[in-house]
Amino acid sequence: MATGADVRDILELGGADNDGPISKKDLINSDKKKSKKAAETLTFKRPEGMHREVYALLYSDKKDAPPLLPSDTTQGYRTVKAKLGCKKVRPWKWMPFTNPARKDGAIFHHWRRMAEEGKDYPFARFNKAVQVPVYSEQEYQMHLHDDGWTKGETDHLFDLCKRFDLRFVVIHDRYDYQQYRVKA
């Protein structure tokens, strides 16, 4: 059950230590106390359109002194709005394209400007392939031969390196440990 102190605390009334009944006088005086607090914490309203970060940099009575020289106020903090409709709109077209990274010849479609018709796919420049070296039987016998490692294991490792672009975490995950046992 709520006591008088709880009600006073919820209504933000004074005399919370008094546990007696709430009087009409307590309720009427509470409005005056709230208005005094609001008058003490007078803040300036941020101008409409100004970001709060910019407004926080401005002068306040507690932090900074005002600027020593007046500034030119003809250029406000707002930027000039874009003038829409002044230029001719560039036409766009739904065009087919092929991705050179794919070997299956799939044809995709997307919107492109008419001026870019016939140009290469713009993201083809990111299609970089790693050149994994190849070796002959003679090179394997001279440089890569090891008693604890077979030619089949080397071929499997080089094939994984080529397929997964030397991403060794993926190569480690895809390595066939059942067929090629790792010898410790």
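Thresholds, definitions, all that
Residues numbered from 1 in each chain as written. Predicted model: local features only at pLDDT ≥ 70, side-chain atom pairs only at ≥ 80, totals over all residues. Heavy atoms only, no water. Helix = DSSP H or I, 4+ residues; strand = E, 2+ residues; numbered from the N terminus. Buried < 20%, exposed > 50% of the residue type's maximum accessible area, 1.4 Å probe, protein only. Contact = heavy atoms within 4.5 Å. Areas by Shrake-Rupley, 256 points an atom, 1.4 Å probe, with all protein chains shown as cover. Patch = residues over 30% accessible without salt bridge, like charges linked within 9 Å, V, L, I, M, F, W, Y side chains within 5 Å. Salt bridge = Lys/Arg side-chain N within 4 Å of Asp/Glu carboxyl O. Polar contact = N/O pair within 3.5 Å; in protein donor to acceptor, adjacent residues only side chain to side chain. Core = buried A, V, L, I, M, F, W, Y, C linked by side-chain atoms within 4.5 Å. pLDDT = per-residue confidence, 0-100.

Engineer: Pulling in residues and values, what's your account of the overall build of the protein chain?
Structural biologist: Looking only at helices and strands, the protein chain features six helices and two strands. Secondary structure elements of the protein chain, listed N to C terminal, follow the sequence α-α-α-β-β-α-α-α. Each of the 184 residues in the protein chain was classed as buried or not, and the buried ones make up 11%. Pairs at least 24 apart in sequence give 21% of the contacts found in the protein chain among residues at least 6 apart. Of the roughly 16800 Å² that the protein chain leaves accessible, carbon and sulfur atoms contribute 57%.

Engineer: Tell me about a nonpolar patch on the surface, residues and numbers included.
Structural biologist: A cluster of nonpolar side chains, W92, W94 and W111, forms an exposed patch at the surface whose accessible area comes to about 410 Å². Within the fold, W92 resides in strand β1 (residues 92-98).

Engineer: Could you give me a rundown of the side chain of E153, with the residues and numbers involved?
Structural biologist: In this fold, E153 is placed in helix α5 (residues 151-163). Of note is the side chain of E153, whose polar atom sits 2.8 Å from the backbone nitrogen of T150.

Engineer: I'd like a description of the pattern of salt bridges, backed by residues and values.
Structural biologist: For the structure on display, the rule yields nine salt bridges. R102 serves as the salt-bridge partner of D104, at 2.6 Å between the closest nitrogen and oxygen. When the shortest N-O distance is used, the salt bridge between D159 and R163 registers 3.7 Å. Here D159 and its partner R163 are both found in helix α5, four residues apart, which amounts to about one turn of the helix. Among the charged side chains, a network of salt bridges with common partners joins R112, R113 and E116.

Engineer: Any chance you could break down the nonpolar core for me, citing the residues and the numbers?
Structural biologist: Core analysis: the largest hydrophobic core is formed by seven residues, namely V132, L160, C161, F164, I171, Y175 and Y180. Not counting the four nearest positions on each side in its chain, L160 is found in contact with I171, R174 and Y175.

Engineer: Residues and numbers for the confidence of the model for the protein chain, please.
Structural biologist: For the protein chain, the average pLDDT comes to 78, and 67% of its residues sit at 70 or higher. Put simply, helix α2 (residues 24-40) is where the protein chain has its lowest mean pLDDT, 59, and helix α6 (residues 168-174) is where it has its highest, 94.

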